[in-house]
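What follows is each chain in one-letter form.
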Amino acid sequence: MQNRINIELSLSAKEYIQNAKQIVIVPHAGPDGDAIGSSLALMRYLKKQGKQVKAICPNAYPEFLTWLHGEDELDVFENNEEACTSYIKESDLIFILDHNSFKRSGDMGKLLEKHSATKVMIDHHPMPEDIADITISDTAMCSTCEMIYEFIDAIGGNNQIDKDIAECIYTGIITDTGGLSYNSSNERIYQIVGDLMEKGIDKAKVHDKIYDNYSASRMKLLGYCLNEGMELLAEYETAIIHLTKETLAAFEYQDGDTEGFVNYPLSIKGINISVIFMEKDDTVKISFRSKGDIPINQMARDFFNGGGHINAAGGRTFESMPKAIEKLKKELPAFYKSL
Ligand SMILES: [Mn+2]
C-alpha cells in the first residue's frame, strides 16, 4: 500500500530541514492528543538528525498527555513568553502542525505571522490559509500524526522512528479517531498502526494512559454533563450540553477535562448531532460533533466564528451562554431541513 502524503512537497520540506539552523514546531492552542503527539514525534525525529529544534505550545496542554516521551521538553509560550519569543525570532524554519491559520495559535500566532522564517504546514483540517511556504494539507488523513508518519517515511526516515516516536504518533491517531472508531476507514491507517506495533509501542499502556486516566472529579463532571447538563432535541437528532463557570469550578475543572465529552450523546439512538457549550474566561467555547454526512463545520462557521472537519468542529462567541444556546436553537431547524 502506498504512502498517502505528497512526496514532492515532503522532499522540498526535507531540503528546508537540511538547510535550517534552528527549527520551531508549533501545535495549535488548546492542544489535543494529535497536536501534542505530532509535535513531539517530529521534534524527536529532528533531534535524532542532529537538528536544533524546540516544540512550543501556545498554551497549556491537558494532564492526560503528560506521560508522552519528550513532553518535559515541550515549551509553553504563555508560561515563558520572553524566552520563547527570542527562540522563535532566532529560528529560520517553522513547522505549523495540526492547524492551518495563525488565528489558532493565539498571541504566538501574531509573532509567527510577522516572522520571515520559512514555514511548512502539515495539517488535515479543511480550508488551509495561505500562510506557509510549503502547505502539506490533506483532509483525507485521519490525523496530523498519520501525516507525520508518512512525512518521515517519505523523506527516508522510517528506520529512525523508534518506540517513543511511534507512541506519540499512535496517540494522535487514536485520539483523533475516537480509538479508531470514526474517520478511520482507510486501510493504510492500519498498515501504519501495524508498523508502529512492530516498532514496539505498548498499546495497552497508551490506551490506559489516555482512556483510563480520569481524575475522580473529571468522571463526576461527565456524570453531571449527561445527567443534569444535557438537553435532547430529538426532533433535530440533536443533544446540547451546557457547562457554566460555576459548574466547572464545583467539579474542580482542569484544562482538558471535558475533552471527548461531546462524543457521548452520539451513542444515544437517534442522536446524530452533539453540541457542548462551555463558559471560558469571557467567552463561550463550543464544540460540535456529527455523524455521517452532516456538515456540522458549516454550523460552526456560519454562526459561531469557527470551523473544522465535517464531523468535528469548534467555535467561540462573546455572547452569553443562554444567548448562544438560543442562537443554536434558532438556526437548527433550517440547518436540519437542509440536510
Ligand atoms: Mn488533528
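Cut-offs and rules
- Residues numbered from 1 in each chain as written.
- Predicted model: local features only at pLDDT ≥ 70, side-chain atom pairs only at ≥ 80, totals over all residues.
- Heavy atoms only, no water.
- Helix = DSSP H or I, 4+ residues; strand = E, 2+ residues; numbered from the N terminus.
- Rg over C-alpha atoms; globule rule 2.2 N^0.38 Å.
- Buried < 20%, exposed > 50% of the residue type's maximum accessible area, 1.4 Å probe, protein only.
- Contact = heavy atoms within 4.5 Å.
- Areas by Shrake-Rupley, 256 points an atom, 1.4 Å probe, with all protein chains shown as cover.
- Lys, Arg positive; Asp, Glu negative; His and termini not counted.
- Charge placed at Lys NZ, Arg CZ, Asp CG, Glu CD.
- Polar contact = N/O pair within 3.5 Å; in protein donor to acceptor, adjacent residues only side chain to side chain.
- Pairing = 2+ DSSP bridges.
- Axes fitted to C-alpha atoms, helices over the stretch in contact; angles between N-to-C directions.
- Salt bridge = Lys/Arg side-chain N within 4 Å of Asp/Glu carboxyl O.
- Parallel < 35°, antiparallel > 145°, perpendicular 65-115°, else oblique.
- Nonpolar A, V, L, I, M, F, W, Y, C, P; charged D, E, K, R; others polar.

## Remarks on the overall build of the chain
- Along its length, the chain carries 12 helices and 12 strands.
- Against the compact-globule benchmark of 20 Å for 339 residues, the chain has a radius of gyration of 20 Å, which places it among compact chains.
- On the principal axes, the C-alpha backbone points of the chain span a range of 55 × 40 × 40 Å.
- Per-residue burial over the chain gives 53% buried out of 339 residues.
- Put simply, 66% of the contacts in the chain that link residues at least 6 apart link residues at least 24 apart.
- By element, 46% of the accessible surface of the chain is carried by carbon and sulfur atoms, the whole surface being about 15300 Å².
- A distance of 1 Å separates the average location of the 35 positive side-chain charges in the chain from that of its 52 negative side-chain charges.

## Quick word on the side chain of H28
- Assignment of secondary structure puts H28 in the loop between β1 (23–26) and α2 (33–48).
- In terms of polar contacts, H28 uses its side chain to reach the side chain of R104, at 3.3 Å.
- Here H28 is in contact with A35, P58, L97, D98, H99 and R104, once residues within four sequence places are set aside.

## Side note on the sheet that holds strand β8 (residues 238–243)
- One open sheet accounts for 6 strands, arranged β7-β8-β9-β10-β12-β11; its pairing is mixed. Pairing within the sheet leaves two strands with one partner each, and these edge strands are β7 (230–233) and β11 (307–308).
- Direction of pairing for strand β10 (residues 283–290) relative to strand β12 (residues 312–317): antiparallel, over a ladder of 6 bridges. Bridge pairing in β12 places S287 opposite G314.
- This element, helix α9 (residues 216–227), spans β7 and β8 of the sheet and lies at about 130° to β8.

## Here's the deal with the pattern of salt bridges
- The tally for this structure, following the rule as stated, stands at 16 salt bridges.
- The partner of K103 in a salt bridge is E129, with the nearest N and O atoms 3.1 Å apart. With a gap of 26 residues between them, K103 in the loop between β4 (93–97) and α4 (106–114) and E129 in the loop between β5 (118–123) and β6 (134–137) connect regions that are remote in the sequence.
- Classification of E129 as partly exposed rests on a relative accessible area of 30%.
- Residues E167 and K163 are paired through a salt bridge, measuring 3.8 Å at the closest nitrogen-oxygen approach. Linking E167 with K163, this pair stays in helix α6 (residues 163–175), spanning 4 residues, or about one helical turn.
- Overall, the relative accessible area of 37% leaves K163 in the partly exposed class.

## Observations concerning the packing of helix α5 (residues 144–154) against helix α7 (residues 187–198)
- It is at 11 Å that the axes of α5 and α7 come closest, and there the two elements cross at 70°. Here α7 runs roughly perpendicular to α5, going by the angle between their axes. Along the contact surface, α5 presents E146, Y149, E150 and D153, while α7 presents R188, I189, I192, D195 and L196.
- When the residues that make up the contact of α5 with α7 are grouped by side-chain class, the tally is 4 nonpolar, no polar and 5 charged.

## Section: α5
- Within α5, 10 of the 11 residues are buried, which leaves the element mostly enclosed by the surrounding structure.
- Two residues or fewer after α5 comes G156, characterised by a positive phi angle close to 85°.

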